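Structural overview for review
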Amino acid sequence: MVGLACAAVLFLLALGYMAASLLMDDKMKAWVSKEVGQVFYSVLIILVVIAGIGAMNEALRILIINTGTTGWQNYTSQSVCCVPPLDPNVPSCLRLPTRPCHFEVAFDYLQLMYESLRSNLLSYFVNHYFNYFLSNLNIGASLRLLIHLGGASVRPLAGLAMGSDFFSILFDTAIKNMMLVRLQQIFIDFFLAGFFPIMLSIGLVLRIFYFTRKLGGTLIALSLCIYFVLPMFYVLSSSIFFHFVGGWDPGARSVNIGMSYNQTDPNNRLPFAQNGFQFESSNYTRYDASNETLNVMDVCGTSSQTETEASTGPLTTFKGAWKSVQGGGWYQTLKSFFTTTAFSKEGPIATLAAIMVFTLLIPFLGIMTTLAAYKVISPMIGGDVEIALLSRLI
């Protein structure tokens, strides 16, 4: 397509030069000379872009796995930016070999955020379910007086409704955040597999023609910024998050995010939370929008023994949590939670807020950085500086 576009433009410019020579029009000759220079400049841009993408991918991979602490280097080189091992008993390499390294680290970062939210969401759900169920238990009595039927009904555990409402708000916020994280993952796959190759190809062709030069430069700059700048901002965020939680070893990740992770301090856990979710290779769920196998039979089909045992977990949790409220100690349990843990610096609200910084605020800054890079690169290759619709949306 690029070759045909160049041939067509050069042919038209040759006709224009002949017409200018025939008409003795110096202005037209100058315009033709200028356009010939633009064609060669377009060819140079095309060669640099095509040859530079692969080199840039490799350069970013080397940069990612050779910077930062030793823990970060080991994790990225052995778990993310690696080739999956032939031996299935070696689970350290988590990479799906379908994306460049910087895209893989960005995707892995979002998956860690999703798993962190999911583990906290499970704790919120257990606490909400337990408090809601008990707070709505009624004890009723009736007595026939004359011709009227009198009765009374009381809810002795109504005080647990406060805990139910508290965890309901956390559950709602966390599940919305999970949806936005998954949306970002889908966008990353879309940018890599759809937007970047198509828009870059169209931009390279349109850059050659005079009347579409600005649009072509815009598409080239926008596709390059989305391909390099946006995922690299996620890589930076992943490195910050890695050091924020103290790091973890390749293939055996234990991320201390959430109230239910601290198993040594009983005052720093949710009232009815069980042991924390551990990010090990056996339960680290990888999501690939282009190769998703989930279907309706996964939900409605015949349950296996493992799935049946997993579904009885909430009942086991409820049975164990009931011991905490027997004998009248339920008010004290809830009071202790709200006075010492719920609003503390490391409580569930603060924990969820910290995760939301990495899942909402930092990606927004990444978009702003991408647009800032676009405004610098686009004029260099003859594209527009402002995108009217995008500027209005922002």
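Details of the structure are given in the entry above.
Described in the following lines is the structure provided in the data block. Given the structure is predicted, the values throughout are model-derived calculations rather than measurements.

**Considering the pattern of salt bridges**
Evaluation of the coordinates by the stated rule reveals 5 salt bridges. Across the pair Glu58 and Arg61 runs a salt bridge whose closest N-O atoms are separated by 3.0 Å. Pair noted here: Glu58 and Arg61 are both in helix H2 (residues 26-65), with a separation of 3 residues, about one helical turn. You can call Glu58 partly exposed: its relative accessible area is 37%. The salt bridge partner of Arg118 is Glu115, with a shortest N-O separation of 2.7 Å. Of the two residues, Arg118 and Glu115 are both situated in helix H4 (residues 101-135); the distance of 3 residues between them amounts to about one turn of the helix. The exposure class assigned to Glu115 is buried, which follows from its relative accessible area of 0%.

**Some points on the state of the cysteines**
By the definition in use, this model includes 1 disulfide. Note that Cys81 is cross-linked by a disulfide to Cys101, the S-S spacing being 1.7 Å. Because the torsion about its S-S bond is 75 degrees, the bridge between Cys81 and Cys101 counts as right-handed. Taken together, the residues Cys81 in the loop between helix H3 (70-80) and H4 and Cys101 in helix H4 connect sequence positions 20 residues apart.

**Some details on the packing of aromatic side chains**
Inspection of the entire model under this criterion finds 17 aromatic pairs. With a centroid separation of 5.2 Å and an interplanar angle of 50 degrees, the aromatic rings of Phe103 and Tyr227 are classed as tilted. Of this pair, Phe103 sits in helix H4 while Tyr227 sits in helix H6 (residues 213-244), and the two are 124 residues apart along the sequence. Residue Phe103 is classed as buried on the basis of its relative accessible area of 2%. Here the aromatic cluster, defined as three or more aromatic residues joined through ring pairs, consists of Phe103, Phe196, Tyr227 and Phe228. Above the plane of the ring of Phe107 lies Arg99, whose end atom (NZ or CZ) is 3.9 Å from the centre.

Rules of the game
- Residues numbered from 1 in each chain as written.
- Predicted model: local features only at pLDDT ≥ 70, side-chain atom pairs only at ≥ 80, totals over all residues.
- Heavy atoms only, no water.
- Salt bridge = Lys/Arg side-chain N within 4 Å of Asp/Glu carboxyl O.
- Helix = DSSP H or I, 4+ residues; strand = E, 2+ residues; numbered from the N terminus.
- Buried < 20%, exposed > 50% of the residue type's maximum accessible area, 1.4 Å probe, protein only.
- Disulfide = S-S within 2.5 Å.
- Phe/Tyr/Trp six-rings, centres within 6.5 Å; stacked < 30°, edge-to-face > 60°.
- Lys NZ or Arg CZ within 6 Å of the ring centre and 35° of its normal.

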